[in-house]
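# Commentary on secondary and tertiary structure
So you can see what is in the structure, the chains are spelled out below.
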Amino acid sequence: MSMPLAEHDYIGLSEVPSMENSERITVPSEGIERSKGLNLKATELRLGLPGSESPERDSGHGGVEEKTVHPLGVPKNLVSGAKRGFSDTIDGGSGKWVFSGNVGSGVDLAKNGGFLSPRGVNGCGKTLGVTGSEANTQQSVVASNGVKEVVPPSPEKKPQISVANGHGVAPAAKAQVVGWPPIRSFRKNSMAINPPKNDDHVDGKSGSGCLYVKVSMDGAPYLRKVDLKTYSSYKEMSLALEKMFSCFTIGHCGFHGVPTRDGLSESRLIDLLHGSEYVLTYEDKDGDSMLVGDVPWEMFTDSCRRLRIMKSSDAIGLAPRAAEKCKNHN
Amino acid sequence: MDSISKKTKDSPNSTDSPESTHPSSFPDEVLEGVLSLLSFNKDRSSVSLVCKDWYNAERWTRTKVFIGNCYSVSPEIVARRFPKIRSIILKGKPRFSDFNLVPENWGADIQSWLVVFARVYPFLEELRLKRMTVSDESLEFLAASFPGFKALSLSSCDGFSTDGLKAIATHCKNLIELDIQDNGMDDFGGGWLSCFPENFASLEVLNFASLNSEVNFDALERLVTRCKSLKVLRVNKGITLEQLQRLLMRAPQLMELGTGSFQQDLTPRQCAELESAFSNCKNLHTVSGLWEANSLNLPILYPACASLVFLNLIDATLQSGELAKLLAHCPNLRRLWVQDTVEDKGLEAVGSCCPLLEELRVFPADPFDPDILHGVTESGFVAVSRGCRRLRYVLYFCRQMTNAAVATIVQNCPDFTHFRLCIINPGQPDHLTNEPMDEAFGAVVKTCTKLQRLSVSGLLTDLTFEYIGKYAKNLETLSVAFAGSSDRGMQCVLGGCSKLRKLEIRDCPFGNAALLSGLEKYESMRSLWMSACNVTMNGCRLLAREMPWLNVEVMKDEESDDSHADKVYVYRSVAGPRRDAPPFVMTL
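The model shown is predicted, which means the values in this text are computed figures rather than measured ones.

Next up on the list: the overall build of chain B. In terms of regular secondary structure, chain B is built from 21 helices and 23 strands. Long-range contacts, defined as pairs at least 24 residues apart, comprise 69% of the intrachain contacts of chain B with a sequence gap of at least 6. Here chain B displays about 22800 Å² of accessible surface, and carbon together with sulfur accounts for 51% of that area.

Here it is as structure tokens:
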């Protein structure tokens, strides 16, 4: 499903990491969305191997081809470097940065946006506070290109809030509103802002809390969430993920622990039907995409914010061998 | 009245009673004896209106009191009227406080009530609180003040911690029920459970499923062993399957079970033992918990499934196949709560496996995550309605819906009493026709004549509310969000729904004209909530001035301008304006 620019409407509310934003932007799309992609390509945060960035930037108009060559999992220093350029924006931005092209949402956010930043910051998975700054990065860059153009029409599948019905109140498309949907924040399954008293649900003070991260799999219809604290090793987690997502692959599937020189294992999920391999990647707290298995387990659980099972054809940028990748790290 | 005087004349005891056709000649003892048999408070309220003698007889025989809004009456008034109360149900904050719309420290503190109760009802046995603020000190006070205390139920409350539970466990020697649900409480550890004395054996209901900290399993096992009357046990996810098996062996008489974690890797022998334990529980009719249940472990439930009446799967993230397999064993299910990870396919299984289903609640697994676009749709709901014709209570969170689907659903199931539909995207139209969802709710109110509770969502114009006002004659509770086009909508509801008791509205374009159109109606209602609407301070002041028996309270948001009334809470009260209102609550 293509959701090229919708995340920008979320304005700091989206859990989608910037790298995924750019991934989505490159998904093939028709007409107007494609031209919007043009606007963004030149300025968006892109991830690529050293040396591969320039060609990408130049061929930024080729929206259709992007997907297959879209690299991920850039060596860390390069990505951080790219990001540092936007650090001013990140620091300067707040959760309340408003998309001026969409006044209704701005009003709504200004009213209700306050609740976003402070709470649940240490929450399970990616936090709104952090992604706020990430999304701001995207949007502040985008804004400089002319805000109005970037407001997307909704893709057919995506429900859009009708603002034109004489409402006095115009809730932003997909912007998060206080207390909506009406689900109690006590429910641990939600990534909701929990009242401070409920910190025991969240990755907590005493470490006895949970550490929920989202797990997505390319091609699967929905995301799952796992509590990293329930696993004590990569093997356990791999097995659990395999069980969880086994319904999406046909035929024999399994994570094969392939020990590398450093004794760390790399996982692969084989889908015989499609003949493609899956790799397990994660996004760390800096938003960088990494292959799972590179770092010691504890370090991984500390820094992992989101997991993604992606087709290895999409992960060309990821070094095939964990050991080699380690070399590129600081 | 006439029939009563007739009775007096014709009764064999009429010669014993004073010569009179007046109803009050009926001897008090007899009247009280009869009235003490009345259990429903609605009946009691009717009885109390007959005449003064009946009013008195009723108040002397009432043992249970239900107070739906703690500020509608004061503890002193309750104490004066009902001298013999043993069981109290108290509800505090407006329901939207569950969704963070009410600031902290709003009120509804139980302490002032407890102080009065301790003086007047030393034999108090039961206290059931919802959306009240309860401190640890209050719990300690409770434990110390009522020697015969038997049942404590705390739901959606806040302000206490496991320390308060320690006091209850330690001092309430006659405790039968401890039910802790969904509270904003601090969890400092599971040590409270170990505070039950070793000779304490009266517990019948224990629910600590919402507490995260692990309890001492040995203490729990011993407790379960000696409480031979234990009927309801809901443990938290710290209890493993292995431990659950031991608990079940100790308590085969259980009727309601909330399991702990269902995730453990089991050996075949452990599986067999668990299956055996479940089949031993002949009275088990309700199961919940099932954290992280997977398809490997669910089958151990099967021996108990045939007699299951209520299955609560909201903590088990099941997929459609897993649910289908499970439900194939549950033909007698009346109530089912699931997460929308089961998707439409799972709901099809509901429709085909559970023909006796009366209640379905589908919760979104990731309600706040804009990435997630899947869950259940209109097809799942329709599928359920086809198979489960007795459906009367539905709570359905979905990301798309159509008018046609809802029309079909209520045609299949015209007996709805509670219809709560939440289309997650505010103001979303029919996803096929792009029209408002007016006709959907029109169909609901036209077809479901017994409808008591309705929650609307999606893109709605005033037409929805015209329908509601015109057809929903039994409606008591209405929840509205991001809907309507003008004041007319709310006016239609206030004018048409004669039995309306609770109206909660947020983010709708209803203003002063709408608010004031209900001037005389609010006294017959429990409460009105309006937030983020177009009501002004002047409108509220006018309402307050015209209706002295109403409390009109306004809470303002930080950035709003002076004239706007951001959050308005209106309720009838015989206790006058609140004396404990925090600074951010303005009583007009």
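Back to the write-up after that little detour.
What follows covers the nonpolar core. Counting residues in each nonpolar core, the largest one holds 180 residues, and the members touching the most others are L220, L311, F416, F419, L454 and I468 of chain B. Core analysis: the second largest hydrophobic core is formed by 25 residues, Y231, V295, W297 and I309 of chain A among them.

Another aspect to go through is the confidence of the model for chain A. Of all residues in chain A, 24% attain a pLDDT of 70 or more, and the chain-wide mean is 51. Element-level mean pLDDT values for chain A span from 36 in strand β4 (residues 265-266) of chain A up to 87 in helix α12 (residues 297-303) of chain A.

Glancing now at unusual backbone geometry. With an omega of -5°, the peptide bond running from W180 of chain A to P181 of chain A counts as cis. Looking at where P181 of chain A falls in the secondary structure, it is placed in the loop between α10 (147-150) and β1 (212-217). Phi is positive for N434 of chain B, close to 65°, though the residue is something other than glycine. You can see N434 of chain B is positioned in the loop between β16 (418-423) and α17 (438-447).

Glancing now at the packing of helix α9 (residues 217-226) of chain B against helix α10 (residues 241-250) of chain B. All names here are of chain B. α10 packs onto α9 with a crossing angle of 20° between their chain directions and a minimal axis gap of 9 Å. Relative to α10, the element α9 lies roughly parallel. The two elements α9 and α10 cross, and the hand of that crossing is right-handed. Facing F217, D218, L220, E221, V224 and T225 of α9, the residues of α10 in contact are Q243, R246, L247 and R250.

This paragraph deals with the environment of K285 of chain A. Positionally, K285 of chain A belongs in the loop between β6 (276-284) and β7 (289-291). K285 of chain A gets classed as partly exposed once you look at its relative accessible area, which sits at 45%.

Residue and element names in this part refer to chain B. Counted by the stated rule, this structure contains 24 aromatic pairs over all chains. Here the aromatic rings of F96 and F99 are separated by 6.1 Å at their centres, their planes lie at 50°, and the arrangement is tilted. Residue class for F96 comes out buried when judged on its relative accessible area of 5%. Between Y467 and Y471, the aromatic rings sit 6.5 Å apart at their centres with planes inclined by 45°, giving tilted as the arrangement. Of the two residues, Y467 and Y471 both sit in helix α18 (residues 462-471), 4 residues apart, roughly one turn of that helix. An aromatic cluster is defined as three or more aromatic residues linked by ring pairs; in this entry it consists of Y71, F96, F99, W106, W529, Y569 and Y571. Sitting above the plane of the F310 ring, R335 keeps its charged end 4.0 Å from the centroid. Between the NZ or CZ atom of R578 and the centre of the ring of W106, over which it lies, the distance is 4.5 Å.

A separate point is the pattern of salt bridges. Inspection of every chain in the model, using the stated rule, returns 31 salt bridges over all chains. In this structure, E198 of chain B and R222 of chain B form a salt bridge, with 3.3 Å as the shortest nitrogen-oxygen distance. With E198 of chain B in the loop between β7 (184-186) and β8 (205-207) and R222 of chain B in helix α9, the pair connects residues that are 24 residues apart, well separated along the chain. Look at R222 of chain B and you get partly exposed, because its relative accessible area is 40%. Taking the shortest distance from any N to any O, the salt bridge between E198 of chain B and R226 of chain B comes out at 3.5 Å. With a gap of 28 residues between them, E198 of chain B in the loop between β7 and β8 and R226 of chain B in helix α9 connect regions that are remote in the sequence. Here the salt bridges share partners, and the residues they tie into one network are R184 of chain A together with D98, R131 and D182 of chain B.

This brings us to the environment of D265 of chain B. Within the element layout of this structure, D265 of chain B appears in the loop between β10 (256-258) and α11 (268-280). Ignoring sequence-local partners within four residues, the contact set of D265 of chain B consists of K243 of chain A together with Q270 of chain B.

Residue and element names in this part refer to chain B. Packing of α17 against α18 brings their axes to within 8 Å, and their N-to-C directions diverge by 5°. Judged by the inter-axis angle, α17 sits roughly parallel to α18. Contact residues: α17 offers D438, E439, F441, G442, V445 and K446, while α18 offers L463, T464, Y467, I468 and Y471. The residue inventory of the contact of α17 with α18, partitioned by class, reads 6 nonpolar, 2 polar and 3 charged.

Turning our attention to helix α6 (residues 111-120) of chain B. Residue and element names in this part refer to chain B. Among the residues of α6, W113, L114, V116 and F117 are the ones counted as buried. In an axial view of α6, the angular spread of the buried residues amounts to 165°, which keeps them on one side of the axis. Buried residues along α6 sit against β1 (64-67), α5 (75-81), β2 (87-91), β3 (126-130) and α7 (136-145).

Cut-offs used in this document
One numbering rule holds for all chains: residues counted from 1, following each sequence as written. The naming scheme follows written order: chains are lettered A onward, ligands numbered 1 onward. Per-residue local features of the predicted model are confined to residues with pLDDT of at least 70, and side-chain atom pairs are confined, for both listing and counting, to 80 or more; whole-chain, interface and lining totals are unaffected and use all residues. For side-chain calculations, the full set of non-hydrogen atoms in the structure is used, while hydrogens and water are omitted. What counts as a helix is a DSSP run of H or I of at least four residues, what counts as a strand is a run of E of at least two, and both are numbered from the N terminus. Residue contacts are counted whenever heavy atoms from the two residues lie within 4.5 Å of one another. Computed with the Shrake-Rupley method and a 1.4 Å probe, the accessible areas treat only the protein chains shown as cover for residues. Residues belong to a common nonpolar core when they are buried Ala, Val, Leu, Ile, Met, Phe, Trp, Tyr or Cys residues joined through side-chain atoms within 4.5 Å. Buried means the residue's accessible area, taken with a 1.4 Å probe over protein chains only, is under 20% of the maximum for its type, while exposed means over 50%, and partly exposed covers the values in between. Residue-level confidence of the predictor, termed pLDDT, takes values from 0 up to 100. Lines fitted to C-alpha atoms define the axes here, with helix axes fitted over just the stretch in contact, and angles between the N-to-C directions of these axes take values from 0 to 180 degrees. For classification purposes, an angle smaller than 35 degrees is called roughly parallel, one larger than 145 roughly antiparallel, one from 65 to 115 roughly perpendicular, and anything else oblique. Handedness of a crossing follows from how the near helix is turned relative to the far one, being left-handed for an anticlockwise turn of less than a right angle and right-handed for a clockwise one. Here a Phe, Tyr or Trp ring, Trp counted by its six-membered ring, pairs with any other such ring whose centre lies within 6.5 Å, and the pair is stacked when the planes are under 30 degrees apart, edge-to-face when over 60, and tilted otherwise. Consider the ring centre and the ring normal. A charge sits over the ring if Lys NZ or Arg CZ is within 6 Å of that centre and within 35 degrees of that normal. In what follows, salt bridge is the name for a side-chain nitrogen of Lys or Arg lying within 4 Å of a carboxyl oxygen of Asp or Glu. Residue type decides the class: Asp, Glu, Lys and Arg count as charged, Ala, Val, Leu, Ile, Met, Phe, Trp, Tyr, Cys and Pro as nonpolar, and the leftover types, Gly among them, as polar. Working definition: the arc comes from the directions between the helix axis and the C-beta atoms, pointing outward to the latter.

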